[in-house]
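Residue strings, one per chain:
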Amino acid sequence: HYVKFPGFEAVPTGIAALDSDLGAKGFSVLFLTVGLLEASNWKPNKGEPGSYGDPFKFGQFTMEMRTRELNNGRMAMFAMIGQLAAENVTGLDPVQQFGL
């Protein structure tokens with residue numbers, strides 16, 4: 001809502017951006033760029049899937065913290081699905097639904 005890439009000022013926000021030609025092209029470029037970055041930095045994981053250990057050496061890698069992080073990610077995905085569903089029903093993106 002508040003910050004848009006130069007040249008994309010006329011593109012609507014939310015899912016409606018995919019309905020515009022420029023928004024769909026921008027999404028495609030973003031998707032391909034992220035895919036190429038992921039593919040170029042790919043390293044086989046030697047541990048459990050989703051486990052990065054303690055890369056910053058904070059001493060917080062415990063099974064309890066791992067479970068909390070997994071649950072936090074699951075809740076974030078659930079919230080995103082709710083926002084997309086609400087936008088699909090109302091036609092308003094999440095920020096507009098809050099009246100901001």
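Residues numbered from 1 in each chain as written. Predicted model: local features only at pLDDT ≥ 70, side-chain atom pairs only at ≥ 80, totals over all residues. Heavy atoms only, no water.

A. The arrangement of the confidence of the model for the chain in detail. For the chain, the average pLDDT comes to 87, and 97% of its residues sit at 70 or higher. Across the chain, helix H1 (residues 21-40) holds the top mean pLDDT of 94, while helix H3 (residues 94-97) sits lowest at 86. (pLDDT = per-residue confidence, 0-100. Helix = DSSP H or I, 4+ residues; strand = E, 2+ residues; numbered from the N terminus.)

B. Main features of a nonpolar patch on the surface. Side chains of Ile15, Leu18, Phe27, Phe31, Leu32, Met80 and Leu84 sit close together on the surface and give an oily, nonpolar patch of about 680 Å² of accessible area. At the level of elements, H1 and helix H2 (63-90) are the ones that each hand at least two residues to the nonpolar patch. Residue contributions to the nonpolar patch peak at three residues, all from H1. Assignment of secondary structure puts Leu32 in helix H1. (Patch = residues over 30% accessible without salt bridge, like charges linked within 9 Å, V, L, I, M, F, W, Y side chains within 5 Å. Areas by Shrake-Rupley, 256 points an atom, 1.4 Å probe, with all protein chains shown as cover. Salt bridge = Lys/Arg side-chain N within 4 Å of Asp/Glu carboxyl O.)

C. Representation of the pattern of salt bridges in the model. Applying the stated criterion across every chain yields a total of two salt bridges. Measuring nitrogen to oxygen at the nearest pair gives 3.3 Å for the salt bridge that ties Lys25 to Asp21. Placement of both Lys25 and Asp21 in helix H1 is noted, with a separation of four residues, approximately one turn of the helix. Residue Arg68 is joined to Glu64 by a salt bridge in which the shortest nitrogen-to-oxygen separation is 2.8 Å. One end of the pair, Arg68, and the other, Glu64, are both in helix H2, four residues apart, so they sit about a helical turn from each other.

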